[in-house]
Amino acid sequence: MPVVPPLRVLSIATLFPDAARPNFGLFVEKSLRALAAQPGIQLIVVAPVGLPPFPLSLHKRYRALRSLPRSEQWNGLTVLRPRFTLIPRFGARFNPAQVARAVLSSTREQPFDVVDAQFFYPDGPAAMRVASTLGLPFSAKARGADISHFGHHPATRPQVIETGEKAAGLLAVSDAMRSDMAEIGIDPAKIAVHYTGIDTARFHPGERAAARAALGKDDTPAILTVGALIPRKGQKLVIEALPALPGVDYWLAGAGDEEDRYRALAGTLGVEARIHFMGPVANADLPQLYRAADAVVMPSASEGLANAWVEALACGTPIVISDAGGAAELVTSPAAGRIVGRTPAAIADAVRTILANPPEPSSVAASLDGRFDWDRNGRELAAHLRGCARR
């Protein structure tokens, strides 16, 4: 068997789990663990921790972050957690330079062959600066808002474009994201589609009645949204659809600044008794929750290719989603669900159709057609980074 030459990878990931935020960027961790498992890969992960200047850094929101270790072994990965100065709300344009300084200060005298950015912004421009300093090639991956927002905002767009021009290679979570990158002026010939993975040992179809019993739920029809309670995710539209869905409960898994507004809206519409705010749900509990729902409804304003979409389908639950990001790459058959307009009426119509004729969970899961696999994700990432290193 041929010996695979070592590839020393420095991966920058501003979204990565830690003891204070165990669900923060789990899909990034999974991808990097899959990468580290490939032959010849020597990986260091730098997950910079942003803290505002004193005395804002004393706020309770940042208390747990201040106590994170500067270096640790995290599920088999060597993870460095240097600090950088974060200016809340107004400092987005400065974050890449701050992240780059933190990365360089934490990796002094360590040799690398390639720099990997797990998000296009701020990780990508930070990787560009680090790679320039170290005389190395770099890659950046686009996932969603890093292009839909930062790629269009006047304060950050120039750095996004420059990153695309100078990178040795680029990745996108979907073909639709690749097109979005091309629309803002990034060369599509440099971009490879790199689908996420799914742990099918955990995310797989099961008996809906058993899942509901395990969660203490009755047999009332229920729809589910998984994600932060923020305007972009579209939970408001689902709440507004509930009056047209009598007898249907709505479960919201996630937390966010919009919760009070959503509760008030539910009261105004008279549907508060049918809405269940679950707060953040641990990743370990998500498969059972997906299996218990009749449909996962996520009418996002923008996405790359949402992990929750893939997880729901893998658990045999159809999805009702907006035509955002890679939606058409997932909803490839009626069993998988529906792509709808971002209106309460369209959402209600799609939910009624699914409830009237629910697909077999096995058929829903089969619609993924084996495209989402962590080992495959790791192999493709390793091959991509080796190609970048050669270039």
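All residue numbers refer to position in the chain's written sequence, counted from 1. pLDDT decides what is reported in this predicted model: residues at 70 or higher carry local features, side-chain atom pairs at 80 or more are listed and counted, and totals for whole chains, interfaces and linings draw on all residues regardless. In computing side-chain values, all of the structure's heavy atoms are included and hydrogens and water are not.

J.: Explain the side chain of R143 to me, please; I cannot follow it from the model alone.
T.: Examined against the element boundaries, R143 turns out to sit in the loop between β8 (138-142) and α5 (145-148). As used in this structure description, the phrase polar contact means that two N or O atoms lie within 3.5 Å; if the pair is within protein, one of them must be able to donate a hydrogen and the other to accept it, and residues adjacent in sequence are counted only when both atoms belong to side chains. Only 2.6 Å separates the side chain of R143 from the side chain of Q118, close enough to count as a polar contact. When checking whether two residues touch, look at their non-hydrogen atoms; a contact exists if any pair is within 4.5 Å. Apart from residues lying up to four places away in sequence, R143 is in contact with F27, V28, Q118, F119, V173, M177, E303, G304 and L305. Strands here are runs of E lasting at least two residues and helices are runs of H or I lasting at least four, both read from the DSSP assignment and numbered beginning at the N terminus.

J.: Quick question: what am I supposed to make of the pairing of strand β2 (residues 41-46) here?
T.: Walk down a regular strand and you will see the side chains alternate between the two sheet faces. Burial analysis of β2 places five of its six residues in the buried class, which makes it a mostly covered element. Handedness rule for crossovers: strands pointing away from the viewer, path from the first strand over the helix to the second running clockwise, crossover right-handed. Regarding topology, helix α1 (residues 26-36) serves as the crossover connection from strand β1 (residues 7-12) to the parallel β2, and that connection is right-handed. Here, strands pair whenever DSSP counts at least two bridges between them. In terms of strand pairing, β2 meets strand β5 (residues 77-80) through two bridges, oriented parallel. Pairing of V46 across the sheet is with L80, part of β5. We call a residue buried when its accessible area falls under 20% of the maximum for its residue type, exposed when it is over 50%, and partly exposed in between, using a 1.4 Å probe and counting protein chains only.

J.: Before we go on, may I ask you to explain α1 in this structure?
T.: Along an α-helix, a turn takes 3.6 residues, which lines up residues three or four apart on a common side. Listed in full, the buried residues belonging to α1 are L26, V28, E29, S31, L32, A34 and L35. Taken together, the buried residues of α1 touch β1, β2, β4 (71-74), β5, β7 (114-117) and α16 (374-390).

J.: So what exactly am I meant to see when it comes to the side chain of D116 here?
T.: With respect to the helices, strands and loops of the structure, D116 is situated in strand β7. Notably, D116 is buried but unbridged: the nearest opposite-charge side chain belongs to R143, and the N-O separation is 7.3 Å. A polar atom in the side chain of D116 sits 2.6 Å from the side chain of S11. Filtering out sequence-adjacent residues up to four positions away, D116 remains in contact with V9, L10, S11, I12, L32, S139 and L385. His is not counted, nor are the chain ends, whereas Lys and Arg count as positive and Asp and Glu as negative. For salt bridges, the criterion is a side-chain nitrogen of Lys or Arg within 4 Å of an Asp or Glu carboxyl oxygen.

J.: Would you mind going over the environment of A210 with me for this structure?
T.: As for its position among the elements, A210 is in helix α8 (residues 208-215). Between the C-alpha atoms of A210 and Q288, which are 78 residues apart in sequence, the distance is 9.1 Å.

J.: Got a minute to help me understand the pairing of strand β11 (residues 222-226) in this structure?
T.: Among the five residues that make up β11, five are buried, leaving the element largely enclosed by the rest of the structure. Of the two faces of β11, the one holding A222, L224 and V226 and the one holding I223 and T225 are both buried throughout. Looking at chain direction, β11 and strand β12 (residues 249-253) are connected through five bridges and run parallel. From the neighbouring strand, V226 faces β12, where its bridge partner is A253.

J.: Sorry if this is basic, but what is going on with the nonpolar core here?
T.: Among soluble globular proteins, nonpolar side chains are generally buried collectively. In terms of nonpolar packing, the biggest core is built from 71 residues, with V115, F120, M181, I186, L224 and Y290 touching the most fellow members. Here the element with the most residues in this core is helix α12 (residues 307-314); it accounts for six residues. Filtering out sequence-adjacent residues up to four positions away, M181 remains in contact with F120, A142, I147, L170, L171, A172, I186 and I191. Each nonpolar core is a collection of buried residues, namely Ala, Val, Leu, Ile, Met, Phe, Trp, Tyr and Cys, held together in the definition by side-chain atoms within 4.5 Å.

J.: Looking at this structure, how should I read the pattern of salt bridges?
T.: Pairs may arise between side chains of opposite charge once their charged atoms sit close together. Taken as a whole and assessed by the stated rule, the structure comprises 14 salt bridges. Its salt-bridge partner being R33, residue E29 comes within 3.2 Å of it at the nearest N-O pair. Placement of the pair is E29 and R33 together in helix α1, with a separation of four residues, close to one helical turn. With relative accessibility at 36%, the residue R33 sits in the partly exposed group. The salt bridge partner of R263 is E259, with a shortest N-O separation of 2.9 Å.

J.: Would you take a moment to explain the sheet that holds β5 for this structure?
T.: Backbone-to-backbone hydrogen bonds join strands into a sheet, with any given pair of strands oriented parallel or antiparallel. Judged by pairing direction, the sheet is mixed, and its eight strands sit side by side in the order β4-β5-β2-β1-β7-β8-β9-β10 without closing on themselves. Each having just a single partner strand, β4 and β10 (191-193) make up the two edges of the open sheet. Across the sheet, the mean angle separating the axes of adjacent strands is 25 degrees when strand polarity is ignored. Here an axis means a line fitted to C-alpha atoms, over the contact stretch when the element is a helix, while the angle between two N-to-C directions is reported on a 0 to 180 degree scale.

J.: Explain unusual backbone geometry to me, please; I cannot follow it from the model alone.
T.: Negative phi values dominate among residues other than glycine, just as trans dominates among peptide bonds. Here the bond from Y121 into P122 is cis, since omega is 10 degrees, no more than 30 degrees from zero. Relative to the elements of secondary structure, P122 occurs in the loop between β7 and α4 (123-134). Positioned with a positive phi, D369 is a non-glycine residue whose angle comes to about 55 degrees. For D369, a relative accessible area of 62% translates into the label exposed.

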